[in-house]
Amino acid sequence: MSDVSMLWTGLDYERSGKQSDYLRLPHSSDLSAYGWIPIPLVVIANGTGPTLLLTAGTHGDEYEGQIALNRLARELQPEEVNGRVIIMPALNFPAVMAGRRVSPLDEGNLNRLFPGDPKMGPTAAIAHYVDRVLFPKCDLVIDLHSGGRSLDYLPLALAHPGSSDDHREKVMALLDAFGAPFSVLTDGSGGGGHTTLYAAAAKRGIPALTTELGGGATLSPRGLAIAETGVRRVLKHFGIAPGLDVDDTSSTRLMRSLGREAAIYAPEGGLFEPNADLGEMVTAGDLAGRIHFPDSPMRDPVELHFSTSGMISCRRFPTLTQRGDCLFNVMTDAE
Ligand code: CA
């Protein structure tokens, strides 16, 4: 029975028109024995074209996607659609309302719990619903992320290249249509590996991308514009909303993540002084930064050096750092 979701909605995915309702996540607590948590859900459907799933708020402290999808939900009309758009702007709703990466209900990180399990707590139950109920309805998946509280990111889209040439081709078409400044092919190493939403979609053979559009738990206007334009370009390119007024010339730069071997992690705790900016080209051996020791003013800081040449894709945002924190990720042009 583990494949039966506990979540439900009064909305009919097969109905034409625009519907706004909630996905109901049962959560039994002291003050609400039979209650449920309302996860916003908007479906806009018309005709017979493809289905696009759009999610944001998978991490609650990442805002560009949340605002872009709320705006799209209000603006996109069923008359413009040939197919179906499933919009969930606050997928881990408890985390969104808390302004946190993880859920305050169970400390669950929704982008580390795919393909999910209804018995592993509310966050894994959301993942399970997305994987078992939503993915089978979908032809395309976009999960909008940013760096959140602990990272700052160059605006980019990421995708798993897939296991077949056919899948890779579809993924490339999706990245090209979205048209972020950078498109990064990754196996997820250094991030969530195969436990993320977009990796789970790719595993089902669905072309899927995720984004990083800024960070520091604040809104990047540039990142928001990239999210809004990218989603509209995909809707237009795949014929789901062919009449949308959006510039569809693409100029994305295809990159490859160098994974955790090229990343820099804090070797011990202290104050992180970075020596490289987002988007900067670095060479193996360059000074990446220093860790200073607030409890030992006479101790020399530890100097950190890049092990690989490439471009900085993300950087730690808070200065106070613990051993093991990721300080930099590095990417390179795809060959
Ligand atoms: Ca994220």
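Quick caveat: nothing in here was measured; it's all calculated off a predicted structure.

1. Observations concerning the packing of helix 1 (residues 64–75) against helix 6 (residues 221–237)
Running from amino to carboxyl end, helix 1 crosses helix 6 at an angle of 45 degrees, the nearest separation of the two axes being 8 Å. In terms of orientation, helix 1 lies oblique with respect to helix 6. Both helix 1 and helix 6 take part in a crossing whose hand is right-handed. Taking contact as the criterion, the partners of E64, I67, A68, R71, L72 and E75 in helix 1 are, on helix 6, G223, L224, A227, E228, V231, R232 and L235.

2. Structural notes on the pattern of salt bridges
All told, the structure shown has 16 salt bridges when counted by the stated rule. Notably, a salt bridge pairs E107 with R100, separated by 3.0 Å at the nearest N-O pair. With relative accessibility at 26%, the residue R100 sits in the partly exposed group. Measuring nitrogen to oxygen at the nearest pair gives 3.3 Å for the salt bridge that ties E303 to R290. Taken as a pair, E303 in strand 15 (residues 302–305) and R290 in strand 14 (residues 287–292) lie far apart in primary sequence, 13 residues in all. On the basis of relative accessibility, which here comes to 22%, the residue R290 falls in the partly exposed class. The structure contains a network of salt bridges with shared partners spanning D131, R132 and R204.

3. Comments concerning the environment of D166
Among the structural elements, D166 can be located in helix 4 (residues 165–178). For D166, a relative accessible area of 46% gives the class partly exposed. Considered as a pair, D166 and A208 are 42 residues apart in the sequence and their alpha carbons are 13 Å apart.

4. A look at the nonpolar core
In this structure, F135 and V141 are the most contacted members of the largest nonpolar core, which totals 45 residues. Among the elements that take part in this core, helix 3 (residues 122–134) stands out by supplying six residues, more than any other. With residues near it in sequence (within four places) discarded, F135 still touches L53, F114, V130, V141, L197, A200, A201, R204 and I206. One finds L76, L213, V231 and V234 within the second-largest nonpolar core, a separate group that totals 37 residues.

5. Regarding the sheet that holds strand 12 (residues 270–274)
Overall, antiparallel pairing links the four strands, which are arranged 15-14-12-17 in an open sheet. Either end of the sheet is taken by a strand with one partner, and the two such strands are strand 15 and strand 17 (320–321). Summarising the sheet, strand 12 and strand 17 pair through two bridges and their orientation is antiparallel. The residue of strand 17 that forms the bridge with G270 is T321.

6. What about the coordination of the calcium ion?
Looking at the calcium ion, one finds its protein donor set to be H59 (ND1), E62 (OE), E62 (OE), H145 (ND1) and S146 (O), positioned 2.3 to 3.2 Å from the metal centre. Its relative accessible area of 3% is what places E62 among the buried residues.

Cut-offs applied
In this numbering scheme, every chain counts its residues from 1 along its sequence in written order. Where local features are concerned, this predicted model is filtered to residues with pLDDT of at least 70; where side-chain atom pairs are given and counted, the filter is 80 or more; whole-chain, interface and lining totals use all residues. Computation of side-chain values covers all heavy atoms of the structure but excludes hydrogens and water. Under this scheme, a helix contributes an axis fitted over its contacting stretch, all axes are lines through C-alpha atoms, and angles between N-to-C directions fall in the 0 to 180 degree range. What counts as a helix is a DSSP run of H or I of at least four residues, what counts as a strand is a run of E of at least two, and both are numbered from the N terminus. Put simply, angles under 35 degrees are roughly parallel, angles over 145 are roughly antiparallel, angles from 65 to 115 are roughly perpendicular, and the rest are oblique. Crossing handedness: left-handed means the near helix sits turned counterclockwise from the far one by under a right angle, and right-handed means the same turn made clockwise. Only heavy atoms matter for contacts: two residues are in contact if any of them lie within 4.5 Å across the pair. Only one rule defines a salt bridge in this text: a Lys or Arg side-chain nitrogen within 4 Å of an Asp or Glu carboxyl oxygen. Burial classes follow relative accessibility: with a 1.4 Å probe on protein chains only, a residue under 20% of its type's maximum area counts as buried, one over 50% as exposed, and anything between as partly exposed. Grouping buried Ala, Val, Leu, Ile, Met, Phe, Trp, Tyr and Cys residues that are joined through side-chain atoms within 4.5 Å yields what is termed a nonpolar core. Strands were regarded as paired on the criterion that DSSP finds at least two bridges between them. As a rule, N, O and S atoms within 2.8 Å of a metal are its donors, except that Na, K and Ca use 3.2 Å; water is not among the atoms, so sites may look incomplete.

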